Amino acid sequence: MPQDTEATHEVVFDPTKSLRRRLIYTLAIALTPVLALGAATAYLDAKEAIKQRSNELLLVADAAVDGVEQSIDESELLLTLFQDDVGKKNCKAVYDRLKRHLVALSSVIRFNKDGIADCSSNGTSGFEMSHPEWHDILRHESQTFRSDAFFGQTTQDWVFGVYSRVDAPDGSFDGSVSIGLRSQALAGLARSSVVPKGVEVSIVDTDGRVFGSERYSSLNPDWVAQTSLDNVAHMFVLKRNGAPSLDVVIKPVGPRNVFAAISRESPGIWSEFTLQPVTSVGLPLLAFSIALLAAWLAIDGLVLRWLSRLTRTVRVYGAGRYKFKAGSAFDTAPSEIAQLAQAMDLMAADIDERDRELKSALAVRDAAVKEIHHRVKNNLQIVTSFLNLQGRQLKDDQARAAIAAARHRIDALAIVHQTLYQRERLELVSMRPFLTSLMDHLSEALGMKQDGIEMEQNYADMERPADDAIPIALFLVEAVTNATKYAFAGGGGQISIALTQAGDRVQLVIEDSGCGFDTVNPTGSTGLGSKLMTAFARQLSADLSVTSAAGEGTRLVLDMPASSTNA
């Protein structure tokens, strides 16, 4: 019969596997494509908004560039027409004539073949061209040349230069003529067109220097380089410390030496450019969040609340209170959960009925088993009485001793059965009260107190199946009986008994303070007691060891498994 154990099992819940979390995860996964679609739409809307912002500024840029480009083209054409007049060192006269046509005109200069000014509109001469490399370009590469912005020596202002090569009658290089255009004046030409409110137009050179702007004095040269490389307008966002960001469109003017910069404050969060992308992702995100919140509340109200009540009901039933009716507590629950509660009520009623039947059957069985133990005990006492009568008639001392030994063993067996039927539980035996009661009966039967023998008992609080308890008890009876009869030689002494458990092993230790003996061979001994103890040890799948020495007492150790091996 297997050993039963009583234990309280505490269920440990893993929060990551909860119904609420799994359903929320499932719903989140189901709604993720909607959120992803909203994000994609927001991205496309944002790109479209940027494109729209850029297009609006490009319309302004086209109008602004026309005036600047027309002025530069006109200055280049007039320079070509009046090149011969300038070559005769009539710089001031040509300047006066061109001033009526070119509002941004700042100077007219004639440079010789060495790059030295022969004349200028302000009357000075003899100075070198600001950038000698431009002189080399005219000498070797180009007939005309438009320079970047530079600080003019004669005008003391930032100007853009237009240069034209001058050839001698024999076709050799004979220098150049140049016209300077004031950068601020060109910026004014750019602003002369109709500019919407909040939009500013300015001029930028290749180094990022800005002319005619009240918002910034320079731009990132990389932006200008990118615009020059692509030769198309680009929009950039200029971040400013302590001021709103600016949308800046840079567009080339002519052959990419001069650029127009058109700027406007970037739209805020409430503008049409940002609301549309935000709405595209914000509304799906809001719907996503509301759906998850609604699912969370619905799971709590429709499922988890009732599952929690069902859990409490199960615990009530688990405590054996089958009379409890849970159905009325689920009147407002969803129909499926209410049906489950009603099914649990019916199940509890069925379990209660079967429980009563089983308890009744167990009571009948226990009564029958106790009656059997009682009758066996009575029969064994009758046998003991027969042996007493028979022993009195024997004359042979050895025969009478054998009868007395048999009577003691039968008495011990009767005590075991008496102890068993006096216990409440029959399938499991609590070893501490069982062995204590058994040894008290045995001590009285053997007359240990009269012989001066003291018994010390120490039993662990454990339970063993009855099929194990009986051979343990008989082994103990045999060992104590042998010690009482042979260990003390009528002089009295002490017997110690201990039952302990360590891990998966149980030990029964019997020690006496008797005379002991020199050699021990319990398995090969011809004594009936040794044979019985060996048989009981084998029945328990236990190891038996005996230690003794003359004058030092005897120690028996029965080492057995903690769980029963009997089926």
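Quick caveat, the model's predicted, so the values are computed rather than measured. (Residues numbered from 1 in each chain as written. Predicted model: local features only at pLDDT ≥ 70, side-chain atom pairs only at ≥ 80, totals over all residues. Heavy atoms only, no water.)

K.L.:
What should I look at first to understand the sheet that holds strand β10 (residues 258–265) in this one?
P.N.:
What links the strands of a sheet is backbone hydrogen bonding, and the strands pair in either a parallel or an antiparallel sense. The sheet built from 5 strands is open, its strands ordered β7-β6-β10-β9-β8 with antiparallel pairing. Each end of this open sheet is capped by a strand with a single partner; those strands are β7 (210–211) and β8 (234–240). Bridge analysis of strand β6 (residues 200–205) against β7 gives 2 bridges, and the strand direction is antiparallel. Bridge pairing in β7 places Val204 opposite Val210. Helix α6 (residues 221–230) contacts β6, β8, β9 (243–253) and β10 of the sheet and is inclined by roughly 180° relative to β8. (Pairing = 2+ DSSP bridges. Helix = DSSP H or I, 4+ residues; strand = E, 2+ residues; numbered from the N terminus. Contact = heavy atoms within 4.5 Å. Axes fitted to C-alpha atoms, helices over the stretch in contact; angles between N-to-C directions.)

K.L.:
Looking at this structure, how should I read empty space enclosed by the protein?
P.N.:
Leftover empty space is mapped by rolling, across the atoms, a probe with the size of a water molecule. Per the stated rule, a full pass over the model turns up 2 cavities of 30 Å³ or more. Taken as a whole, the second largest cavity holds about 40 Å³ of empty space. Around the second largest cavity, the lining residues are Ile72, Arg146, Ser147, Phe160, Gly161, Val162, Leu181 and Val258. Sorting the residues of the lining of the second largest cavity by element identifies β3 (144–151) and β4 (158–167) as the ones contributing at least two each. Sort the elements by how many residues they give to the lining of the second largest cavity and β4 lands first, with 3 residues. (1 Å grid on protein atoms, 1.4 Å probe; cavity = no way out; pocket = protein on both sides within 12 Å on 5 of 7 lines; lining within 4 Å. Points joined across faces, edges and corners; volume = space filled by probe spheres on them.)

K.L.:
I keep staring at the side chain of Ser147 and nothing clicks. Help me out?
P.N.:
As for its position among the elements, Ser147 is in strand β3. Taking relative accessible area as the criterion, Ser147 reaches 0% and is therefore assigned buried. (Buried < 20%, exposed > 50% of the residue type's maximum accessible area, 1.4 Å probe, protein only.)

K.L.:
Explain the packing of helix α10 (residues 431–446) against helix α11 (residues 466–486) to me, please; I cannot follow it from the model alone.
P.N.:
Two quantities define a packed helix pair, namely the angle between the helix axes and the distance between the axes. Between α10 and α11, the least distance of the axes is 11 Å, while the angle of their chain directions is 35°. Regarding α10 and α11, the two cross each other, and that crossing is right-handed. In contact with Met431, Phe434, Leu435, Leu438, Met439, Leu442 and Leu446 of α10, α11 contributes Ala469, Ile472, Ala473, Leu476, Val477, Val480, Thr481 and Thr484. In terms of residue class, the contact of α10 with α11 is built from 13 nonpolar, 2 polar and no charged. (Left-handed = near helix turned anticlockwise from the far one by under 90°. Nonpolar A, V, L, I, M, F, W, Y, C, P; charged D, E, K, R; others polar.)

K.L.:
Just checking my understanding: could you explain helix α4 (residues 132–140) for this structure?
P.N.:
Along an α-helix, residues three or four apart share an orientation, since each turn contains 3.6 residues. Residues of α4 that are buried include every one of Trp134, His135 and Leu138, and no others. Buried positions in α4, seen along its axis, are confined to an arc of 105° and lie on one side of it. The inward-facing, buried residues of α4 contact β3, β4 and β5 (173–182). (Arc of directions from axis to C-beta.)

K.L.:
How do you make sense of the environment of Pro132 when you look at a structure like this?
P.N.:
In this fold, Pro132 is placed in helix α4. Judged by its relative accessible area of 39%, Pro132 is partly exposed. Separated by 16 residues in sequence, Pro132 and Ile116 have C-alpha atoms that sit 9.7 Å apart.

K.L.:
What is the right way to read the packing of aromatic side chains from this model?
P.N.:
Aromatic ring pairs: the centre-centre distance and the angle between the two ring planes describe each pair. According to the stated counting rule, one finds 6 aromatic pairs in the structure shown. Centroid distance Trp134 to Phe145: 5.8 Å. Interplanar angle 45°. Geometry classified as tilted. Taken together, the positions of Trp134 in helix α4 and Phe145 in strand β3 put the pair 11 residues apart, joining distant regions of the chain. Owing to a relative accessible area of 16%, Phe145 belongs among the buried residues under this scheme. (Phe/Tyr/Trp six-rings, centres within 6.5 Å; stacked < 30°, edge-to-face > 60°.)

K.L.:
Just to check I follow, could you spell out the side chain of Thr534 for this structure?
P.N.:
For Thr534, the location among the structural elements is in helix α12 (residues 528–539). Side-chain polar atoms of Thr534 contact the backbone oxygen of Ser530, separated by 2.9 Å. (Polar contact = N/O pair within 3.5 Å; in protein donor to acceptor, adjacent residues only side chain to side chain.)

K.L.:
Just checking my understanding: could you explain the packing of α11 against α12 for this structure?
P.N.:
Taken N-terminus to C-terminus, the directions of α11 and α12 make an angle of 155°; their axes are 9 Å apart at the nearest point. One element, α11, and the other, α12, form an angle in the roughly antiparallel class. For the pair α11 and α12, the crossing hand works out as left-handed. Between α11, through Asp467, Pro471, Leu474, Phe475, Glu478, Ala479 and Asn482, and α12, the contact on the second element is made entirely by Gly529, Leu532, Met533, Phe536 and Gln539. Partitioned by chemical class, the residues of the contact of α11 with α12 number 7 nonpolar, 3 polar and 2 charged. (Parallel < 35°, antiparallel > 145°, perpendicular 65-115°, else oblique.)

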